[in-house]
Structures are given as structure tokens and as C-alpha cells.
Amino acid sequence: MRYFEKILEAFCTKGCKKCCDCCFQDDKKENKIEIRHSFRDSILDSTSSNAESLRSFRERNDSENSRTDSVSSSGTLDYKRYHTTPIIDMKPIEFWTANRENVQPKTKRRLPSESEISVENFQRDLYEILPEESPCLTDEQKLAQYQLGQIHFGLQYEVSSKTLVVKIIEAKDLPPPYCLDENKQDMSHSNPYCKISLLPDQKNSQQTTVQRKTQDPMWNEYFSFEVSYKEVQMRTLEILVKDFDKYSRHCVIGQIYLPLNSVNLIKGGHMWKPLIPGSPERQDLGEILLSLNYLPSAGRLNVDIIKGKQLLQSELVGGADPLVKVTLIHFEKPIKTKKTSIKRNTIDPVFNESISFNITPQQLENTSLVISVWHHPSKSKDEFVGRIVIGKYGTGPHEFTHWARMLQAQRSPVAQWHSLRLRQECDQVSPASIAVQ
């Protein structure tokens, strides 16, 4: 027994010589303090991403450790002083940045060339103001107000062939020419004809024959338009009544507009409609389809005259006798002129003829083609109808585009439709046109 007490006295740190409970209690207190420190260190490790907050926390920790050293060995430790919550400096989350739109950089606009901004190249009909038609006026009121006469026509849609048939029957009480144009040579009689279109398509228009010297013309002519029934419901029938004049422009006597969705086309029928004033329109000279092809190895430029469409009518009977003349221009000097055959009694001629010129690749960049349509009467000299210029001194953006496409697609033919222009209009924008009479 004595031996056992000596052993306890040797190991007892408090000198109580009785038991080692006090030592065990002190060990428990030290273990609690170690657990608290280890918990605090784990929190510090979780916030190591923020260097500034960690530094401030460590400063507070050092001050607290200095205080714990001054506590007596027999005293108890205050739990609140050691259980301090670390302060974490969090940056605010900007939720609005997730919906921020990406702003695209502004692209530099391409400046148009001089040919593209020329006044002559504007499509004037797009800027013309059509006369306002009052929807409250009845047909009788329109006839009494405008006094331009009326037209009789019929409509029928054939489902089997998907074709709209328009019959132009007659017109009556048309005004005399002096009421519309003071430059007419015959002031007492008109030479009326009709031009029919399904708007907004004006290129596939058709026209009647010219009735000579009458204010009450009779036609009884049929015209067909291949169009689906669903599409025809979105079209508007336009009938222009014009006065033919061999020596001046064909003036518009009157016109009608009829939305086809307001008519029972399957049942069909005939109707009279009063003419209303027509808007001033650009001279319609017709169109021509051309194909260009250049062979650099052979030094040959091929011009295919394919066909024309709705050329200006030059004769009361038969329409016109058109031919095409093609002149090769180098800089502003005419080199050679070739022409097609004459197509008799038609305003929609089909030529399918090819004209070739020998020209080197070096000369091609300074070359222009003046393409003119003429009417060839049997007993007088040729009458000018219209022209275009393609090449270096082109008459418009469509002509420049056709020439550029040909240069890019050498050895391959490139076809394109062109609207004919007046001689004065071509002379204003193209020196090559001036060089050709």
C-alpha cells in the first residue's frame, strides 16, 4: 500500500498525494480547449479564400490567446470568449449581369456608288401618290364625278386548269382626247386599248387590240392568267384604258381596281365599272431578255437576244414589227453594229438569235454594249422603241449587275431581263448611248 502511494505521489502534478482525479479533471479541461481550438481552426480553413477577413480573425485570435495565458490554473474558462463566430466578407452577387445583353459592334456601312445614287435610277412609280378613292362613293357617284366612262368585263376561275379568265367586252362614253392631252394630233377621236394586270405582278400583263377612232370600243377578247385559287384571292385586278398615239406617249384614259377576294370567281359573271383617273406613270416601253457569255481563250463576246415582252405598240393593227440592234462601244467610240431579224405583227417577239464580237480581255474592261429595239414599218424608216446600255457605261444598277455576273462566270451564259428606257434617259447617264444614233 505504501508502495502504491509513492507511485501516485511521483505522478501527481498537484501534490495532493491522494488521487489523480484533479489531474484527470485538468486533462478534460485541456481536451475541451483543444477541441474548441480545432473547431475554430476548421472554420478558418473554410474561409481561407478571403485573405483580408482571415488576417483580421487571426489578430483577434492572438489577442484571445494572450488572455487565456493569464487565467489561473484553478479558474474556469469562459465558453463565450472562445466560441467567437468568424466574420466572412462576402461580395454581393450581381444577379442583373446574367440578363445583360451583348451589344454587337456597329458595322461600317457601305457607301453607294455614283451610279446607284443617280436620280435617273430611282423607280419613280414607287414614290408616286395615287389618287385617293373615297370608299363611300357608289359607282353612280364615281361615274358622275369623274366622267371618264365605264368598262364592261367578265371574270371566271377555271378550277380544273387553275386559270383565271378575264373577258374585256366593251367600254362606252370615253372622254375625247382634248380633255386628256393637248398634244394629240386627233382631238376628236381616241384609239383605245386595255392593259390587264393582276397586282402586285405588273410584268405579266396583257393587252387588247387597238380600236381605231372610237369613244365606244368593242373588244370581246379573252385573257388567261395561270394562278392558284388561293393566290388569286390575294390579287387585285387592274384594267388600264389607254389611248394609242403613234407620235406621242400613250396616255391613260382611266383605270379600275377590283380586289378579287370580293368576287365569286367560281360562279363568275359580268359587270360594269366606272373608270377613275389614272396616275401619271413612267413610259412603259417593254422588256427584253438577254444572255451574255465571254470566252477569254477565244477572245469572243456572245450576246444572245432571246425574246421581248410587252413592247410599245407602234401600229394600230398588228402591234409592231420589232428588231434589235447591238452596237459594240470601246470607250466612247462605236466599233461595230449587228442586228437581228424582224418579227412581224407582235409585241412579244421571240428571237433566239446570237450575235458575236471579237474582243481581247484587255479591251473588255473598257467596252460597252448599246442594245436598241426598233420598229421596222414596211413603208418608212425604222422607229425607235427603247434601249439599254450594258458594260463600262451602263444605264443602271441592273445593267451593271448583269455585266459583273458575266465577268465572274466566264464561259457560262448569264441571262437577265432588262426594262427598256427612253433615248434621252440613256443619254443622260451613259456616254456610250450618245455615241449611237
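Thresholds applied
- Sequence order sets the numbering: in each chain, residues are counted from 1 along the sequence as written.
- In view of the model being predicted, local features appear only for residues whose pLDDT reaches at least 70, and side-chain atom pairs are presented and counted only at 80 or more, with totals across whole chains, interfaces and linings using the full set of residues.
- To obtain the side-chain values, all non-hydrogen atoms of the structure were included, while hydrogens and water were left out.
- Where helices and strands are cited, they refer to DSSP runs of H or I of at least four residues and of E of at least two residues respectively, numbered from the N terminus.
- Burial classes: relative accessible area under 20% of the type maximum marks a residue as buried, over 50% as exposed, and values in between as partly exposed (1.4 Å probe, protein chains only).
- Contacts are assigned to residue pairs with any non-hydrogen atoms lying within 4.5 Å of each other.
- Each accessible area is a Shrake-Rupley result for a 1.4 Å probe, and residues are judged covered by the shown protein chains and nothing else.
- In this charge count, Lys and Arg are treated as positive and Asp and Glu as negative; neither His nor the chain ends contribute.
- Any Lys or Arg side-chain nitrogen located within 4 Å of an Asp or Glu carboxyl oxygen qualifies as a salt bridge.
- We call two N or O atoms a polar contact when they sit within 3.5 Å, provided that within protein one can donate a hydrogen and the other can accept it, with sequence-adjacent residues counted only if both atoms are side-chain atoms.
- Strands are labelled as partners when DSSP assigns at least two bridges between them.
- Between the N-to-C directions of two axes lies an angle of 0 to 180 degrees, each axis being a line fitted to C-alpha atoms and, for a helix, fitted only over the stretch in contact.
- Take the number of residues in a helix, subtract one, and multiply by 1.5 Å to get its expected span.
- The arc in question is the one traced by the directions running from the helix axis out to the C-beta atoms.
- Each aromatic pair joins two rings of Phe, Tyr and Trp (for Trp, the six-membered one) with centres within 6.5 Å, and gets the label stacked for planes under 30 degrees apart, edge-to-face for over 60, and tilted for any other angle.
- Note on geometry: a ring has a charge over it if NZ (lysine) or CZ (arginine) is within 6 Å of the ring centre and within 35 degrees of the ring normal.

A. The overall build of the chain, seen in detail. Assigned secondary structure in the chain consists of ten helices and 16 strands. The buried share of the chain, taken over its 437 residues, is 38%. Here the analysis covers contacts within the chain between residues at least 6 apart in sequence; of these, 64% occur between residues at least 24 apart. Counting every atom, the chain has about 26,800 Å² of accessible surface; 52% of that belongs to carbon and sulfur.

B. View of the side chain of R387. Relative to the helices and strands, R387 resides in strand β15 (residues 383-391). Buried and without a salt bridge, R387 has D427 as its closest oppositely charged side chain, separated by 4.3 Å. Reaching out from R387, the side chain makes a polar contact with the side chain of S433 at a distance of 3.1 Å.

C. Spatial organisation of the pattern of salt bridges. Counted by the stated rule, this structure contains seven salt bridges. Between D321 and R344 there is a salt bridge, and its shortest N-O distance comes to 3.5 Å. Taken together, the residues span a long stretch of sequence, with D321 in the loop between β10 (300-309) and β11 (322-330) and R344 in the loop between β12 (333-339) and β13 (350-358) at a distance of 23 residues. We classify D321 as buried; its relative accessible area is 10%. On the basis of relative accessibility, which here comes to 45%, the residue R344 falls in the partly exposed class. The partner of R421 in a salt bridge is E425, with the nearest N and O atoms 3.0 Å apart. Given a relative accessible area of 10%, R421 falls into the buried group. Looking at E425, the relative accessible area reads 10%, which means it is buried. A cluster of three or more residues bridged by salt bridges with shared partners is formed by E399, R421 and E425.

D. Geometry of the environment of G308. Within the secondary structure layout, G308 lies in strand β10. Among the residues examined, G308 registers a relative accessible area of 7% and is labelled buried. Each C-alpha atom, one on G308 and one on L323, is 9.8 Å from the other, the two residues being 15 residues apart in sequence. Among residues more than four places away in sequence, those in contact with G308 are E287, I288, D348, P349 and W417.

E. Molecular detail of the sheet that holds β15. Reading across the sheet, the four strands line up as β12-β11-β14-β15 and stay open at both edges, with antiparallel pairing between neighbours. Whereas interior strands pair on both sides, the edge strands pair on one side only; in this sheet they are β12 and β15. Going from strand to strand, the sheet's axes swing by 20 degrees on average, the running direction of each strand aside. Two strands pair when backbone bridges link them, and β11 and strand β14 (residues 367-375) are joined in this way by nine bridges, in the antiparallel orientation. Residue T327 lies in a different strand from β14, and its bridge partner there is V370.

F. A look at helix α8 (residues 397-408). Across its twelve residues, α8 extends 16 Å between first and last C-alpha, which sits within 8% of the 16 Å expected from 1.5 Å per residue. Of all the positions in α8, only E399, H402, W403 and M406 are classed as buried. Each buried residue of α8 lies within a common arc of 95 degrees when the element is viewed along its axis, so the set occupies one face. On the buried face of α8, the contacting elements are β9 (287-295), β10, α7 (361-364), β14, β15 and β16 (414-419).

G. Structural view of the packing of aromatic side chains. This model, assessed by the stated rule, comprises two aromatic pairs. Just above the ring of W374 sits the side chain of K325; from NZ or CZ to the centre is 4.7 Å. Positioned over the ring face of F384 is R423, at 4.4 Å from the centre of the ring.

H. Highlighting unusual backbone geometry. The step from L199 to P200 runs through a cis peptide bond, and the omega angle for that step is 10 degrees. Counting through the fold element by element, P200 comes out in the loop between β3 (192-199) and β4 (201-207). With phi around 50 degrees, K162 is a residue other than glycine that occupies positive phi space. Taking relative accessible area as the criterion, K162 reaches 54% and is therefore assigned exposed. Positioned with a positive phi, F331 is a non-glycine residue whose angle comes to about 60 degrees. Residue classification places F331 among the partly exposed residues on the basis of a relative accessible area of 40%.

I. Examining the sheet that holds strand β2 (residues 163-172) more closely. Spatial strand order, β5-β2-β1-β8: four strands in an open sheet with antiparallel pairing. Each edge of the sheet is formed by a strand with only one pairing partner; in this case those strands are β5 (218-226) and β8 (269-274). With strand direction ignored, the average angle separating the axes of adjacent strands in the sheet is 25 degrees. Taken together, the nine bridges between strand β1 (residues 150-158) and β2 define a ladder with antiparallel strand orientation. When the sheet's bridge partners are listed, I151 is paired in β2 with A171. In the packing of helix α5 (residues 139-146) onto the sheet, the strands contacted are β1 and β8, and the crossing angle to β8 comes to about 40 degrees.

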